[in-house]
Amino acid sequence: MCRRTPLCRKFAPIPTATGRPALRHHVPVAGESEVMSTPSRRPLPLRSPSAPRRPLRRLWRVVPLVLACAVAAAQPGQPGSRFYEDALSRFERKDHAGAIVQLKNALSADPRNLAAQVLLGRALLATGDMIQAEVALNEALRQGVNRAEVVVPLAESLLGQGKPQALQGDPRFAADGLPQEVRYRLMLLVSSAEADLGDGRAALQTLMAARALAPDQLESWLQEVPIRIRSRQLREAEQAAARAVALDARSARARYLQGSVAHATGRLDAALAAYAQALQIEPTQQDALLSRAGIFLDQGRIDDAAKDIAVLRQSHASDPRAAYLEALVLERRGDARGARSALSRVTDLLDPAPMEFYRYRPQMLILGGLAHHGLGQFEKAKPYLEAAQRQQPTSPAAKVLAHIQINDGNHDPATETLEAKLQGNPRDAQAYVLLAGAHQARGRAARAVQILSDAQKRHDTPALRGALGLALVSVGRGAEALPHLEQAVKADPKQVQAARTLGDLYLQRRDPARARTV
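On a predicted model such as this, the values are computed, not experimentally measured, just so you know.

**Regarding helix H4 (residues 96-109)**
End to end, H4 covers 20 Å across 14 residues, agreeing with the expected 20 Å (1.5 Å per residue, within 8%). Within H4, the full set of buried residues consists of His96, Gly98, Ala99, Ile100, Gln102, Leu103, Ala106 and Leu107. As for H4, its buried residues are in contact with helix H3 (81-92) and helix H5 (114-126).

**Things to note about helix H19 (residues 378-391)**
Between its first and last C-alpha, H19 extends 20 Å over 14 residues, near the 20 Å set by a 1.5 Å rise per residue. Within H19, the full set of buried residues consists of Ala381, Lys382, Tyr384, Leu385, Ala387, Ala388 and Gln389. Where H19 is buried, its residues contact helix H17 (336-350), helix H18 (362-374), helix H20 (397-407) and helix H21 (411-424).

**Things to note about the pattern of salt bridges**
With the rule as written, the count across this model stands at 27 salt bridges. Its salt-bridge partner being Arg172, residue Asp170 comes within 2.7 Å of it at the nearest N-O pair. Residue classification places Asp170 among the buried positions, given a relative accessible area of 19%. When the shortest N-O distance is used, the salt bridge between Arg477 and Glu480 registers 2.9 Å. Overall, Arg477 belongs to the partly exposed group, its relative accessible area being 34%. On the basis of relative accessibility, which here comes to 41%, the residue Glu480 falls in the partly exposed class. Residues participating in the shared-partner salt-bridge network are Asp86, Arg90 and Asp95.

**Quick notes on the packing of aromatic side chains**
Applying the stated rule across the entire model yields 3 aromatic pairs. Plain terms: the ring middles of Tyr256 and Tyr275 are 5.7 Å apart, the flat faces sit at 20 degrees to each other, and that makes the pair stacked. Here Tyr256, found in helix H12 (residues 252-264), pairs with Tyr275, found in helix H13 (residues 268-281); they are 19 residues apart in sequence, far enough to count as distant. Take Tyr275: its relative accessible area is 0%, and that puts it in the buried class. Ring geometry for Phe357 against Tyr358: centres 5.3 Å apart, planes inclined by 85 degrees, an arrangement best described as edge-to-face. Joined through ring pairs, the aromatic side chains of Phe357, Tyr358 and Tyr384 make up one cluster. Seen from the ring of Phe83, Arg82 lies directly overhead, with NZ or CZ sitting 4.9 Å from the centre.

**Quick notes on the environment of Met364**
Its location among the elements puts Met364 in helix H18. Considered as a pair, Met364 and Ala388 are 24 residues apart in the sequence and their alpha carbons are 8.6 Å apart.

**Thoughts on unusual backbone geometry**
In this structure, Lys94 takes a positive phi of about 70 degrees despite not being glycine. Mapped onto the elements, Lys94 comes out in the loop between H3 and H4.

**Side note on the packing of helix H7 (residues 147-160) against helix H8 (residues 180-196)**
Helix packing for two helices is described by the angle between their axes and how far apart those axes are. Between H7 and H8, the shortest axis-to-axis distance is 10 Å and the interhelical angle comes to 20 degrees. Taken as axis vectors, H7 and H8 run roughly parallel relative to one another. In terms of crossing hand, the pair formed by H7 and H8 is left-handed. Contacts from Ala148, Val151, Val152, Ala155, Glu156 and Leu159 in H7 reach Val182, Arg185, Leu186, Leu189, Ser192, Ala193 and Asp196 in H8. A class-by-class count of the residues in the contact of H7 with H8 yields 9 nonpolar, 1 polar and 3 charged.

**Focus on the confidence of the model for the chain**
Per-chain confidence: the chain averages 84 in pLDDT, with 85% of residues scoring 70 or above. The low-confidence segment residues 1-75, where pLDDT is below 50, has 264 contacts with residues more than four positions distant or belonging to other chains.

**What about the nonpolar core?**
Ranked by size, the top nonpolar core spans 67 residues in total, and within it Val225 and Tyr358 carry the most contacts. Top contributing element to this core by residue count: helix H16 (residues 320-332), with 8 residues. Not counting the four nearest positions on each side in its chain, Val225 is found in contact with Ala237, Ala240, Ala241, Leu257 and Val261. By size, the runner-up hydrophobic cluster in this structure holds 32 residues, among which are Ala429, Ala481, Val489 and Leu505.

**Things to note about the side chain of Gln389**
Along the chain, the position of Gln389 falls in helix H19. Given a relative accessible area of 16%, Gln389 falls into the buried group. Ignoring sequence-local partners within four residues, the contact set of Gln389 consists of Ala398, Leu401, Thr417 and Ala420.

**Here's the deal with the environment of Ala136**
Structurally, Ala136 can be placed in helix H6 (residues 130-142). Assessed through its relative accessible area of 4%, Ala136 is described here as buried. In the structure, Ala136 is positioned 20 residues away from Ala116 in sequence and 9.8 Å away in space, judged by C-alpha atoms. When sequence neighbours within four positions are dropped, the list of residues in contact with Ala136 reads Gln117, Leu120, Gly121 and Leu124.

What counts, and at which threshold
- Residues numbered from 1 in each chain as written.
- Predicted model: local features only at pLDDT ≥ 70, side-chain atom pairs only at ≥ 80, totals over all residues.
- Heavy atoms only, no water.
- Helix = DSSP H or I, 4+ residues; strand = E, 2+ residues; numbered from the N terminus.
- Expected span 1.5 Å × (residues − 1).
- Buried < 20%, exposed > 50% of the residue type's maximum accessible area, 1.4 Å probe, protein only.
- Contact = heavy atoms within 4.5 Å.
- Salt bridge = Lys/Arg side-chain N within 4 Å of Asp/Glu carboxyl O.
- Phe/Tyr/Trp six-rings, centres within 6.5 Å; stacked < 30°, edge-to-face > 60°.
- Lys NZ or Arg CZ within 6 Å of the ring centre and 35° of its normal.
- Axes fitted to C-alpha atoms, helices over the stretch in contact; angles between N-to-C directions.
- Parallel < 35°, antiparallel > 145°, perpendicular 65-115°, else oblique.
- Left-handed = near helix turned anticlockwise from the far one by under 90°.
- Nonpolar A, V, L, I, M, F, W, Y, C, P; charged D, E, K, R; others polar.
- pLDDT = per-residue confidence, 0-100.
- Core = buried A, V, L, I, M, F, W, Y, C linked by side-chain atoms within 4.5 Å.

This is the structure:
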């Protein structure tokens, strides 16, 4: 696994635009990871700015079948009515699995029961079965149910399958002609889809149009934060997070997003304080636990990280990010077997889904690549890392991919991968070392020396000095290499290869005392 990449950059604070839990829809960074949840179904007081405040009727939270589907709702004495009534009761008690069984019974008795068809789609959506939810909701549309009844859950099912492109240009998802509260929620989902597709400008435009319908609703402010972070508009992200907290100081999500902005700007103490506030409100808040555990690991606070990961394992057992963090904790405690077992859980959670499913989920792509790489399964790691690199050429995953490409002898693709990585982060010492290694493997030793020399002048680190010294030795310039190797080993005695080479140079100079010391 890539040990030199700070976890806070892998897992936080770049939340996904929708923040869908990454394996539930399918499993939410603030990085990546670093990851806004799908807009909740809480009642929304939708009104024009001049209208008096009055809460929206609470029918939105309950399945609104009494509206467009009222005529089709099963009546006593009709086939399947008893099954439908029991299913509705189960659905309201959140017994979604039981509701699905009874709804299928109701539809078996009466295939034209539109109320049962719509409720089946919602129940499947609640269990995370996005594909079958889409099938059920499309069938309801085909049979003539009012579009307003199904357009929001249908959009949720497509986003949950990793198909944000399906919401674009489809007349089913046109906002015109829908009730105001439905239009608001649909526009939030369309904005999420646009953000997933990398069109931050369109995502913000759609989001602002939705906000005009309900300016004082929390959801649009929550959704703005990750879009702004992705676009590196950190001041605007901080303002949106502050507005969300002002609207609802008891929102764990709002507190988490405040921490995400601080995390993205390197203010780790402020990030930890915000995450703690989020967890005080909601002790199992998924993103806050993940992000805080990542910071704890970067700070060497292994026991604190382990506590957060234990909560995650209990409350979000199907989240592969928790398993990956657990692998890092176990590795740092010296439990290599336990670490491999945790990495295997990551791949077991991710591999069953087709790669297309993760196309717009770069955090999951990176995670799959890192987990397979940590298990030594380089061929399985490559498709994850290549897809992630296409989505985010400057992510830390590019270095892992380049390492695999170099090992495979694909040096030219490795140089392209690393040069794209360095365009986004020109101070990444490890990327320069890998790039120089790729050139050296191709017989371009002088080019490798030049790359490391230029990088060391711009950003002096022990790793760069050590690599530069080794490169100089490889072209027969041992006298020039000596001071670089000495400074590198003095600053970082763990640079074993540089230390061995330095010892050899001392022996060549008939200085065994210094060689023994090294």
